[in-house]
Amino acid sequence: NGIGIPIGKMSLYTACGGIKPSHQLPVIIDVGTNNEENLSDPYYLGLRQRRVRGPVYDELIQEFFEAAQDKFGKNVLIQFED
């Protein structure tokens, strides 16, 4: 659950693409899960609620994009993992 895949991809971006690790930032936007096993698992670290979808989700992602562009510029690379 979580950050392992983005960190692995960051390693590839560094090794294959020459992107400095200091120019990368893994981010997790936890909007819940519909996985019943995770919802009932007391050790699940994620947000224990049904996954947010629709306009609320779209607004959250738009806000994230705007904040990332404000902070890092219009050329910021955002790669999604679901």
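Residues numbered from 1 in each chain as written. Predicted model: local features only at pLDDT ≥ 70, side-chain atom pairs only at ≥ 80, totals over all residues. Heavy atoms only, no water.

### As for the pattern of salt bridges
- Counted by the stated rule, this structure contains one salt bridge.
- Between Glu-36 and Arg-50 there is a salt bridge, with the nearest N and O atoms lying 2.4 Å from each other. Note that Glu-36 is positioned in helix H2 (residues 36-40) and Arg-50 in the loop between H2 and helix H3 (55-72), a separation of 14 residues in sequence.
- What makes Glu-36 partly exposed here is its relative accessible area of 48%. (Salt bridge = Lys/Arg side-chain N within 4 Å of Asp/Glu carboxyl O. Helix = DSSP H or I, 4+ residues; strand = E, 2+ residues; numbered from the N terminus. Buried < 20%, exposed > 50% of the residue type's maximum accessible area, 1.4 Å probe, protein only.)

### A short note on a nonpolar patch on the surface
- Where nonpolar side chains cluster on the molecular surface, the patch consists of Leu-25, Val-27, Ile-29, Leu-60 and Phe-72 and spans about 450 Å² of accessible area.
- Considering the arrangement of structural elements, one finds Ile-29 in the loop between helix H1 (4-17) and H2.
- Ile-29 gets classed as partly exposed once you look at its relative accessible area, which sits at 31%. (Patch = residues over 30% accessible without salt bridge, like charges linked within 9 Å, V, L, I, M, F, W, Y side chains within 5 Å. Areas by Shrake-Rupley, 256 points an atom, 1.4 Å probe, with all protein chains shown as cover.)

### So, the packing of aromatic side chains
- For the structure shown, the criterion picks out one aromatic pair.
- When the ring of Phe-65 is compared with that of Phe-80, the centres are 5.9 Å apart and the planes differ by 15°; the resulting orientation is stacked. One end of the pair, Phe-65, is in helix H3; the other, Phe-80, is in the segment after H3, and 15 residues separate them in sequence.
- By relative accessible area, Phe-65 is classed as partly exposed at 29%. (Phe/Tyr/Trp six-rings, centres within 6.5 Å; stacked < 30°, edge-to-face > 60°.)

### Brief notes about the environment of Cys-16
- Examined against the element boundaries, Cys-16 turns out to sit in helix H1.
- Of the residues examined, Cys-16 reaches a relative accessible area of 66% and is grouped as exposed.
- Sequence spacing of Cys-16 and Gln-79 is 63 residues, and the spatial spacing of their C-alpha atoms is 16 Å.

Any functional reading would require information beyond the geometric quantities listed.
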